[in-house]
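Architecture and fold: a report
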Amino acid sequence: MKVSLTSIAVIGLSISILLSGCGKTETTDGGKATSASATLPAASAKSTAPVKLSVLIGGTGLSDVDKRIQAEIGKKLGVDFDFNVMQTGNNNEYANQINVRVAAGNAPDIFTVSNDQMQQFSKQGAILDLTNYLDKMPNVKKAYSEADLTKGKVDGKLMTLPKRAAVPYRMVMLRKDWLDKLNLPVPTTLDELATVIKAFHDKDPDGNGKQDTYGLTGTGLDVFAPFFGAFGAAFGSEGNFTIKDNKAVYSSTQPEMKQALTYINSLYASGAIDPDILTNKGNAAATKAQKGQVGVIYANWSDMFKDEFVKLTTDTNPNAKFIAIEPPTGPAGKFNGAFDYSATDWRIALPKAIEKTPEKLEKALAYLDYITGAGEGQNMVMFGLEGTHYTKEGSVITPLPAMSELGSTYQLQLTGRDELPYLYTKFAKQKAYIDFAINLPYIKVYNNFVKTPEGLNKSDKDRFENEEFIKFIYGKRPVDQFDDFVKTLNTTYQLQKYVDEAEKAFKEKGLIK
């Protein structure tokens, strides 16, 4: 049964709903009455003044262009935004502020939360159940997959709106001209790639008569992700939750992790690895590759194949040419590391109390819907202002020179973005690399579904794992002590409680039976 808004008005309900070209509300499910579409509380008399909405997220801060775009969104929707980004390098600062504000009953109208906070605030009844409001957001309903929505659910209820996940960017890239000079084939196996890495350090690939080049660089231990993948080990700086034989398992404790650490320790001992991988920050690793100091890099395609970075590479050596290669094949096959299929950068929450202010609630829902899916709002947070940053003919977006001033407008994209149209538009020349990265094989992990057990300190466990992995790889702790490392995880850090939480979460999400 479909009920028009006019009919609803006749029976005496006063509803103020911002519709995106939709004059009907779906109230049936297979012919049975359902509450899938919520009725917003009655609003007071209409006002022409913009509705004030406060938004708080963690990040690096809005640029002047970001602020202009957000102000334009406010004009379009009749909203006066108080949009704040808490600038912090420590995620706990933001989380602590949200915890305090929610506890005090003065939470922002829209804010972001972690998985643990979502679970906690849901249990407390502090955040709004969005399940019955999804029909008020047709763009969200269309743009979000069930897998996306699952990330925001607690006990089957949609308690937050997760930011839609980005696609994979990372890949192995190497100097093809150095390969040719040393008469080496493009490596396809684990041992072949190790041979190339060592040759790029030992055999003077740049021809300057000095042993001043390294074979492999990247940022952090993640540089070894494809090597771990070749052994079937789902590596992270701390462990990953994955599924084996229909059970939740923790990657750090698995026998394949020990095998991978043994191999990588041997590779590191060759001296061919950039000694600064643990201290490389920002674009430091990519800069070394662009300057001809390193021949293999594991990083985002955008770090090497954007036009400006290709130019930096060829400015150093006109004959320099990087190519992308598939991850090396090893005992378990080939995997470009692990990819968290439960990951989301943040989850958007509305306070339960916003229901007491219907005009705020309807504008908050309208705002989230406006910036989601194909259309004017999503275009603004992806591409900027039409006529200034891009032109549009039909569905085709053409960048204007001013689009380069945008950066990524990433923090305005609360609900994420339509990733491939965005990338194909902004980086048309790099389409082949974009597609290449997306189609690489990954070990599936689901860390973001697992909440921290009560009374345990996850950061302590994570710190211990990261420190021990560094010791194993750098030869500061013998790999034959791996079993003792696992024992410490199970005793001192009560790992089984985390695994039990993973088992529970995976069953709830239907990942295991």
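Residues numbered from 1 in each chain as written. Predicted model: local features only at pLDDT ≥ 70, side-chain atom pairs only at ≥ 80, totals over all residues. Heavy atoms only, no water.

**As for the nonpolar core**
By size, the foremost hydrophobic cluster in this structure holds 64 residues, and its most contacted members are Ile73, Phe83, Ile297, Trp301, Leu350, Tyr367 and Leu414. The greatest single-element share of this core, amounting to 6 residues, is contributed by helix α14 (residues 358-370). Setting aside anything within four residues of it in sequence, one finds Ile73 in contact with Phe81, Tyr367, Tyr370, Ile371, Met380 and Val381. With 60 residues, the next largest nonpolar core counts Leu193, Leu221, Tyr250 and Leu267 among its residues. (Core = buried A, V, L, I, M, F, W, Y, C linked by side-chain atoms within 4.5 Å. Buried < 20%, exposed > 50% of the residue type's maximum accessible area, 1.4 Å probe, protein only. Helix = DSSP H or I, 4+ residues; strand = E, 2+ residues; numbered from the N terminus. Contact = heavy atoms within 4.5 Å.)

**Here we look at empty space enclosed by the protein**
A complete count under the given rule lists 2 cavities of 30 Å³ or more for this structure. Within this model, the second largest cavity holds a volume of roughly 40 Å³. Surrounding the second largest cavity, Val172, Leu193, Leu216, Val223, Pro226, Phe227, Val296, Tyr298 and Pro328 form its lining. Mapped by element, the contributors of at least two residues to the lining of the second largest cavity are α9 (225-230) and β15 (294-300). Broken down by class, the residue content of the lining of the second largest cavity amounts to 9 nonpolar, no polar and no charged. (1 Å grid on protein atoms, 1.4 Å probe; cavity = no way out; pocket = protein on both sides within 12 Å on 5 of 7 lines; lining within 4 Å. Points joined across faces, edges and corners; volume = space filled by probe spheres on them. Nonpolar A, V, L, I, M, F, W, Y, C, P; charged D, E, K, R; others polar.)

**Section: the packing of helix α2 (residues 64-77) against helix α15 (residues 376-383)**
Across the interface, α2 lies against α15 with an axial gap of 10 Å and an inter-helix angle of 170°. Looking at the two axes, α2 sits roughly antiparallel to α15. Side by side, α2 and α15 meet where Ile69, Glu72, Ile73 and Lys76 of the first sit next to Glu376, Met380 and Val381 of the second. Its residues assigned to classes, the contact of α2 with α15 shows 4 nonpolar, no polar and 3 charged. (Axes fitted to C-alpha atoms, helices over the stretch in contact; angles between N-to-C directions. Parallel < 35°, antiparallel > 145°, perpendicular 65-115°, else oblique.)

**A short note on unusual backbone geometry**
In this model, Asp245 sits at a positive phi of 55°, which is unusual for a non-glycine residue. Here Asp245 lies in the loop between β13 (241-244) and β14 (247-250). For Asp245, a relative accessible area of 71% gives the class exposed. Phi is positive for Asn246, which is not a glycine, with a value near 65°. As for its placement among the helices and strands, Asn246 is situated in the loop between β13 and β14.

**What to know about the pattern of salt bridges**
Tallied over the entire structure, the rule returns 27 salt bridges. For the salt bridge of Glu376 with Lys76, the shortest nitrogen-to-oxygen distance reads 3.2 Å. With Glu376 in helix α15 and Lys76 in helix α2, the pair connects residues that are 300 residues apart, well separated along the chain. Residue class for Glu376 comes out partly exposed when judged on its relative accessible area of 42%. A residue is classified by how much of its surface remains accessible, and Lys76, at 45% relative accessible area, is partly exposed. Across the salt bridge formed by Glu326 and Lys334, the nearest N and O atoms sit 2.2 Å from each other. According to the relative accessible area criterion, Glu326 is partly exposed, its value standing at 36%. Each of the salt bridges in this network shares a partner with another, and the network as a whole consists of Lys458, Lys461, Asp462 and Glu465. (Salt bridge = Lys/Arg side-chain N within 4 Å of Asp/Glu carboxyl O.)

**Describing the sheet that holds strand β16 (residues 322-325)**
As a general point, the strands of a sheet are linked pairwise by backbone hydrogen bonds and lie either parallel or antiparallel. Ordered by their spatial adjacency, 4 strands build an open sheet running β12-β15-β11-β16, and the pairing between neighbours is mixed. Edge positions in the open sheet fall to β12 (214-217) and β16, since each of these has one partner strand only. In this sheet, adjacent strand axes meet at a mean angle of 20° when their direction is disregarded. Pairing between β12 and β15: 3 bridges, direction parallel. Considered in β15, the bridge of Thr217 is made with Ile297. (Pairing = 2+ DSSP bridges.)

**Quick notes on the environment of Tyr390**
Relative to the assigned elements, Tyr390 resides in strand β19 (residues 390-393). Separated by 48 residues in sequence, Tyr390 and Ser342 place their C-alpha atoms 33 Å apart. Beyond its immediate stretch of four places on either side in the chain, Tyr390 contacts Asn379, Phe383, Gly384, Leu385, Ile397, Thr398, Pro399, Leu400 and Met403.

**Topic: the packing of aromatic side chains**
Under the defined criterion, the tally for this structure stands at 24 aromatic pairs. Taken together, a centroid distance of 5.6 Å and an interplanar angle of 55° make the contact between Phe339 and Tyr442 tilted. Of this pair, Phe339 sits in strand β17 (residues 338-340) while Tyr442 sits in the loop between α17 (431-438) and β21 (443-445); the two residues are 103 residues apart in sequence, bridging distant segments of the chain. For Phe339, a relative accessible area of 21% gives the class partly exposed. Members of the aromatic cluster, each reached through a chain of ring pairs, are Phe228, Phe235, Phe464, Phe469, Phe472, Phe482, Phe485 and Tyr493. Sitting over the ring of Tyr341, Lys444 keeps its end group 5.4 Å from the ring centre. Here Lys509 stacks its cationic end above the ring of Phe449, 5.1 Å away from the centre of that ring. (Phe/Tyr/Trp six-rings, centres within 6.5 Å; stacked < 30°, edge-to-face > 60°. Lys NZ or Arg CZ within 6 Å of the ring centre and 35° of its normal.)

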